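Working through the structure, step by step
Each chain, letter by letter, is given below.
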Amino acid sequence: MPGSHILTIELGRVERPDEPYAFDGKPQKYFARGAQAKLGVAVLRWDEVETLRAEFLHADPTSAARKRMGDLLRRFLVDVLKDLEGWTPYENALLNAEKKKASIGLRFRFSAGELFDLPWALTTLHNGRSLGSIKPYPLSFEWAHSNRVPLASPSPGRVLFAWSNAADDVFEEPHLAAIQKAYPDFNREQDALENVTLDSLRKTLEKARQEGRPFRLFHILCHGGRVAGGTFGLLWTDPHRPGRPMPVDGDRLRDVLGPYQGDLQAVVLSACHGSNPGQVGSMFGGVAHDLHRLGIPAVIASQMPLTVDGSIRMTGALYDALCQKKLPIGEAFQKAHEALSDLSLDWASLQFFEPSPPGDVRARGQRVVFSPDEPLPELPEELVVAYEVNFNVSPPAIIDALDGRAGGDPDIVVLQPFDEVEDDLPRNARQWRRAIEQADQLVNTLGTRVLMVHLFGRAPLPLMFHLGWRLSRWKLRVYQEERGRTGRWTCGYDSMQEPSPEERFFRQEVWPDSHACRAAGGRLAMTVEVNLSIHPEALAKWLGPEDPPALARLVAARDPSPTVVRGPVDTARAADEFRACLDRIHAELPDVHEVWIAMACPASLAAALGRAYNPKTQATVKLFNFRKSEGYVEVPWTGGVTRRPGRRS
């Protein structure tokens with residue numbers, strides 16, 4: 001909590017770690033991140049969790065179910081932390097702080113959606129108590145990759161209270177009275193929204209902004225429950241059928257609140273299952289998670305059913321702490337939690353999604369998604385970049401491949417030019433330009449402090465070529481995933497590696513003469529065939545039936561195969577020979593003014609080839625991307641020149 005000493009436990013899924021909702025309900029292996037990039041690993045028995053899950057969809061699970069769940073969570077924390085600092089230091093620190101009446105918090109940082117589904121407050125301590133019984137309440141939650149937006153002010157500012165009785169009575173009057181008592185500036189006529197709908201919410205927020213008095217805290221009172229697809233959402237008023245409920249999931253609410261994210265400091269979801277991420281197989285995130293990931297600094301919500309009494313108690317204590325005692329939102333949440341009765345499990349259900357504490361030293365080892373509009377953290381001498389266009393790259397796999405390089409526990413700068421990561425991206429010329437532009441923008445931020453870049457690329461070969469070309473000023477190591485997408489990466493290219501003098505990597509299977517190049521109008525098509533041979537039909541379709549360019553074919557001397565590149569020595573030799581070919585074209589074929597490149601090679605080699613290209617001394621390169629559905633298609637890449645050059649002499 002703000003003002004507290006914060007302990008953090010970061011947990012993520014070992015398999016498919018960058019797909020936060022890729023969960024099938026089977027026992028899963030998770031990692032905990034420790035200091036110096038050290039990882040602890042343990043299996044969480046979701047089959048055991050599943051036998052208890054139904055109990056926790058009700059307001060009062062049995063004491064036996066509570067104890068079994070608490071013991072299961074304790075065993076997991078002990079196991080996943082045993083090779084790091086262990087669970088005992090966390091437990092002792094929390095209990096000692098309680099004894100001394102000191103302020104301390106325990107923040108769980110998750111990168112897997114299903115982990116939010118667990119009632120961590122019930123975790124059994126060594127003395128038999130529950131973790132959530134510690135006073136003041138220490139727990140808070142955070143998405144590992146959430147937008148970190150600090151609170152602008154400890155004051156709540158203007159409060160919007162919205163409610164809906166569509167699903168059943170929510171007893172709004174005691175809530176309104178509690179807010180009015182604690183916050184005299186609250187105006188029921190202007191700041192209360194009855195029978196809330198998505199449209200009325202948008203209009204209210206926009207009107208407040210236009211008046212210059214935007215809402216800072218949004219409090220929602222309604223019922224919550226299952227919505228289509230197995231997730232949980234809010235039950236609001238159906239504008240087309242007054243008095244009837246309409247389910248509102250996190251996606252729809254996030255779309256409405258998105259334009260006003262910069263205004264809102266906190267959202268309170270006084271609704272059952274407001275932070276329930278959904279059922280197994282449909283765990284796409286709860287409303288609270290969606291709003292927190294949107295960038296709203298603080299979100300308060302209930303993971304399980306929330307009693308009417310608990311909702312009223314929480315509201316009164318929260319606004320008294322915010323408006324009368326002027327406490328920060330984190331401490332106000334603790335006061336609200338203290339007001340809850342022990343007769344229900346509201347104390348174990350209510351969750352606080354927090355912003356990063358002001359002044360908190362940002363831990364290393366984070367995934368930092370690059371945005372041209374956001375500054376990067378201070379860059380190290382050795383920078384790690386994950387280029388994610390078609391697939392994600394697992395952070396544990398990166399750490400394993402680095403083997404202690406880049407400082408042992410590096411930040412990972414993620415170059416992800418689109419809002420999605422899909423196999424068929426980029427899909428059009430506009431998206432290709434966007435990807436190229438973002439790569440340029442990242443390189444432009446590197447400055448002089450960065451000396452070496454460690455690149456893990458899952459992007460089309462032309463984009464890898466381009467990024468390798470742009471990084472030609474820096475030392476570069478490019479890592480290659482092993483065949484079969486095993487998740488294991490090894491170094492495929494090292495710019496410090498000298499090429500082997502023992503054998504040639506390519507054979508020039510086809511090489512044109514000056515007459516053929518002149519007849520083709522100065523256009524030369526060059527294939528780079530390493531992983532596999534380019535099929536004659538694909539080659540014919542690429543060159544076209546009329547007025548085709550001249551042709552040069554660089555083919556792996558040991559014949560194309562998935563294993564022909566044995567490591568950085570081979571890649572260095574291939575890049576060296578590719579450079580020599582471009583130089584030979586310049587020297588022997590002066591009529592050639594553009595070279596079309598079609599690559600069938602590893603991504604790490606494509607980056608190395610880009611590094612070998614020099615537009616000042618070589619013919620302009622044009623890049624072509626291959627997909628089975630369309631063959632080779634030109635990428636809108638300028639080749640490093642702003643205008644078409646004339647005949648070179």
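Before reading on, note that the structure itself is shown above.
Read on for a plain summary of the structure. Quantities reported herein were computed from a predicted structural model and do not represent experimental measurements.

**Some details on the nonpolar core**
Formed by 112 residues in total, the largest nonpolar core has its most connected members in W120 and L201. Residue contributions to this core peak at eight residues, all from helix α2 (residues 63-81). What W120 contacts, discounting residues up to four positions off in sequence, is L11, L73, F76, L77, F108, F110, L115, L131, L139 and F141. With 72 residues, the next largest nonpolar core counts C517, A556, A608 and Y613 among its residues.

**A closer look at unusual backbone geometry**
Residue P136 follows K135 across a cis peptide bond; omega there is -10°. Within the secondary structure, P136 sits in the loop between β4 (104-110) and β5 (139-143). Cis geometry is found at the peptide bond from L425 to P426, where omega equals -10°. For D559, which is not glycine, the phi dihedral falls at a positive 75°. The residue D559 is located in the loop between β23 (550-556) and α17 (568-588) in this model.

**What to know about the sheet that holds strand β17 (residues 412-415)**
Within the open sheet, the six strands sit side by side as β15-β17-β16-β18-β19-β20. Their pairing is mixed. Here the strands that pair on one side only, and so sit at the sheet edges, are β15 (367-369) and β20 (489-494). Neighbour-to-neighbour, the strand axes of this sheet turn through a mean angle of 30°, independent of strand direction. Where β15 lies against β17, three bridges are found, and the strand directions are parallel. Paired with V369 across the bridge in β17 is V414. Against the sheet, helix α18 (residues 603-612) touches β18 (452-458), β19 (475-481) and β20, its axis set at about 155° to β19.

**Concerning the environment of S371**
Mapped onto the fold, S371 is located in the loop between β15 and β16 (382-388). A sequence separation of 45 residues divides S371 from Q416, and the C-alpha atoms of the two residues are 8.7 Å apart.

**Looking at the packing of helix α6 (residues 198-210) against helix α7 (residues 250-257)**
Relative orientation of the contacting elements α6 and α7 amounts to 25°, with a least axis distance of 10 Å. Relative to α7, the element α6 is oriented roughly parallel. In the crossing of α6 with α7, the sense of the turn from one axis to the other is right-handed. Contacts between α6 and α7 involve L198, L201, R202 and L205 from the former and R252, L253, V256 and L257 from the latter.

**A short note on the state of the cysteines**
According to the stated counting rule, one finds zero disulfides in the structure shown. Its sulfur unpaired, C601 is 14 Å from the next cysteine sulfur, which belongs to C581. The class for C601 is buried, based on a relative accessible area of 6%.

Criteria and cut-off values
- Residues numbered from 1 in each chain as written.
- Predicted model: local features only at pLDDT ≥ 70, side-chain atom pairs only at ≥ 80, totals over all residues.
- Heavy atoms only, no water.
- Core = buried A, V, L, I, M, F, W, Y, C linked by side-chain atoms within 4.5 Å.
- Buried < 20%, exposed > 50% of the residue type's maximum accessible area, 1.4 Å probe, protein only.
- Helix = DSSP H or I, 4+ residues; strand = E, 2+ residues; numbered from the N terminus.
- Contact = heavy atoms within 4.5 Å.
- Pairing = 2+ DSSP bridges.
- Axes fitted to C-alpha atoms, helices over the stretch in contact; angles between N-to-C directions.
- Parallel < 35°, antiparallel > 145°, perpendicular 65-115°, else oblique.
- Left-handed = near helix turned anticlockwise from the far one by under 90°.
- Disulfide = S-S within 2.5 Å.

By themselves, these are just geometric observations and shouldn't be taken as functional.
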